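If you want the building blocks of each chain, they are given just below.
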Amino acid sequence: MAAASSLTHPPLGFGLGLRTDHYESILAGPRRVDWFEIISENYMVPGGKPLHFLDRVRAEYPLVMHGVSLSIGSTDPLNRDYLRDLKILAERVQPAWISDHLCWGGVAGKNLHDLLPLPYNRETLEHVAERVQQVQDFLGRRLLLENVSSYLTYKRSEMSEWEFLREVSERADCLILLDVNNIYVSSVNHGFNPIDYLEGIPAARVQQFHLAGHRNLETHIIDTHDEPIVDPVWNLYREAVRRFGPVSTMIERDDNIPPYEELLTELDHARAIAREVLSPDAKAREGRNGCSIAAPSKAGARRGASVAAARLPSE
Amino acid sequence: MDTTLNKLQGDFQRYLLTLDGPMAKEVVSDALDAQTRLGIYADAYRLRLLEALQTDFVALRAVLGDDEFDAMGRAYIDAYPSQHYSIRHFGRNLSRFLAETDPYRATPVLAEIARFEWAMTDAFDAQDATVATVADMAAVAPGAWPSLRFGLHPSLQRIELQWNAPPIWKAVDENTDIPEPQQAEYPIGWMLWRNEFKIYFRSLSVDQAWMLDQLLTGATFSEVCEGLTEWIDAQHVAAHAAGLLKQWLEDGLIATIDY
Ligand SMILES: [Fe+2]
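It should be emphasised that the depicted structure is a prediction, and the values quoted were computed from it without experimental measurement. (Residues numbered from 1 in each chain as written. Chains lettered and ligands numbered in written order. Predicted model: local features only at pLDDT ≥ 70, side-chain atom pairs only at ≥ 80, totals over all residues. Heavy atoms only, no water.)

Considerations on the overall build of chain A
In terms of helices and strands, chain A carries eleven helices and ten strands. Per-residue burial for chain A yields a buried fraction of 57% across its 315 residues. Partitioning the intrachain contacts of chain A with sequence separation of at least 6 by distance along the chain shows that 80% fall at a separation of at least 24. Per element, the accessible surface of chain A, about 12,500 Å² overall, is 49% carbon and sulfur. (Helix = DSSP H or I, 4+ residues; strand = E, 2+ residues; numbered from the N terminus. Buried < 20%, exposed > 50% of the residue type's maximum accessible area, 1.4 Å probe, protein only. Contact = heavy atoms within 4.5 Å. Areas by Shrake-Rupley, 256 points an atom, 1.4 Å probe, with all protein chains shown as cover.)

Take a look at the structure:
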């Protein structure tokens, strides 16, 4: 039950990304997750197997729509075809909410199919906030914006990513999808303290968490979503739950996809952390001891690389 | 729109597409230098698109081998950057690219394999439709036959191939020896379609291809029969056409019988 003053929708609990490999297991077994997130573009097709299974899963589970092509920060005009197709899909799915990324994906009519970072300054802020409002007007609902993993910083940036995300969300009156893994990945790649990030985020606007695995290449981390979640990300998740409460949480696994059961076990770990953090005992303990986790410095990441030094498929 | 943000995005995109331009001076160098940081994005850009091509062109990759496919894919990425919001559409121009670009155009079977595999991709997620049945056809009153029209399943893809792309695809799919490229004397009509969630394909004789194309343009049964007399004796033509229709109904290719 959402309070009248609350910006966010009621939490959905613990979910997974809906993946083709798992369709049959999901529909065959008992209900083991609370909800699913779909990649919107995978279902923006005329028909066939994707939409068939989408409808069947939707009949049994709440869904949320997660897009990768909005390109909210691009200086190209908003893609009207994309928005139209997104709205058509939303009418079919009736998602609890719709999200995309705080990024850009191409200019001059080209699509780079990547989530490219934005320079965090006044010009970008005005540009993005204005476009979020246009999208929200078109969709008739608040949008969630997700922080992306990034590998570079622009000289033109004037503020931190969390300051930028907070300002955009407040100006445009949108919600936030906080990707805990992305915060960790970027904190290593850029050498900031992920706790500072969490502290900069307006709690009232946090609608969803993402968790995922990545590849630690020692000099930097690549956000690959093809491995289990590592301990430092679980620790950061613990801190996020402590600050933002029982926020809807899901695991993104996009590659090297394991059996459904394996992801359910990983999701149980998230449930256990949230349960522990949110129990009355935990709150009492926190009151006495406070909490902190080590800021992963570059050197720390190099020493502590617990993930096998992985390579991309080819260089 | 000409702003610093627009300029910055143009420079970044130019770097990703061409590995060239002034972008590096916009990026902070610290533990990793600007060039390395940009390189992470440039690598990821190509790898993501290559992966999309690998998914959609399995047979082409088997024929070319991994390294050659990789080189070909990178050339295609440079020649045909994505213009669609969805990566689903990225491979749409690959067949054209192979037909017009050295050295691939010297091996025309490659473009045809790409065309065949792309037709499968299009059949896979084409619009759904209920299908008409043989019983529906049997229920048609004899007097209604001449003016009947037939709506074909939206997943139907009609292509012409002069090389043996479909047997090559089949060999790759079944993991058997890939046949040598073979050229037919003239282009052969093929149809691909989806029934339930499976993709089917079949070659067409000249009269079958002609009839199917006529149905696609909305010709009536009597118009079809008249044209088929080019190949079929007039007294057998109606039975011949009805026989083909029955087969296509059983295939799940006919969505509607329209009076
Ligand atoms: Fe994410």
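Quick word on the nonpolar core
Residues Phe36(A), Leu178(A), Phe209(A), Tyr237(A), Phe12(B), Leu60(B) and Leu98(B) are the most contacted members of the largest nonpolar core, which totals 140 residues. Contacts of Leu60(B), omitting those with residues within four sequence positions, involve Phe69(B), Met72(B), Leu94(B), Leu98(B), Leu110(B), Ile113(B), Ala114(B) and Glu117(B). Counting residues in hydrophobic clusters, the runner-up holds 31 residues, among them Ala132(B), Ala144(B), Ala209(B) and Val224(B). (Core = buried A, V, L, I, M, F, W, Y, C linked by side-chain atoms within 4.5 Å.)

Regarding the confidence of the model for chain A
Scored by pLDDT, chain A comes out at a mean of 90, with 88% of its residues at no less than 70. The low-confidence segment residues 289-315 of chain A (pLDDT under 50) makes 43 contacts with residues lying over four places distant or belonging to another chain. (pLDDT = per-residue confidence, 0-100.)

Description of the domain arrangement of chain B
All names here are of chain B. Assigned domains within chain B: domain 1 (1-89) and domain 2 (116-259). Here domain 1 and domain 2 have C-alpha centroids that lie 40 Å from each other. The partner domain 2 presents nine residues to the nine residues of domain 1 that form the contact. Here domain 1 packs against domain 2, burying approximately 810 Å² in sum over the two surfaces, 62% of which is carbon and sulfur. Arg88 is the partner of Asp122 in a salt bridge, and the nearest nitrogen-oxygen pair spans 2.9 Å. No other element matches helix H3 (residues 58-64), which puts five residues into the side of domain 1 that touches domain 2. When the residues that make up the side of domain 1 that touches domain 2 are grouped by side-chain class, the tally is six nonpolar, one polar and two charged. (Domains from an automatic or database assignment. Buried area = accessible area lost by both parts, 1.4 Å probe. Salt bridge = Lys/Arg side-chain N within 4 Å of Asp/Glu carboxyl O. Nonpolar A, V, L, I, M, F, W, Y, C, P; charged D, E, K, R; others polar.)

Quick look at the interface of chain B and chain A
Often, the extent of an interface is quoted as the loss of accessible area upon association of its parts. In this assembly, 45 residues from chain B lie in contact with 53 residues from chain A. Among the residues chain B hides against chain A, the three largest losses belong to Gln9(B), Tyr41(B) and Tyr85(B). Together they make up 20% of the total. If you look at where chain B meets chain A, you find two salt bridges. Our count for the contact surface shared by chain B and chain A stands at 26 residue pairs in polar contact (both at pLDDT 80 or more). Put simply, the parts of the chain that give the side of chain B that touches chain A at least two residues each are helix H1 (4-18) and helix H2 (34-56) of chain B. The leading source of residues in the side of chain B that touches chain A is H2(B), at eleven residues. (Polar contact = N/O pair within 3.5 Å; in protein donor to acceptor, adjacent residues only side chain to side chain.)

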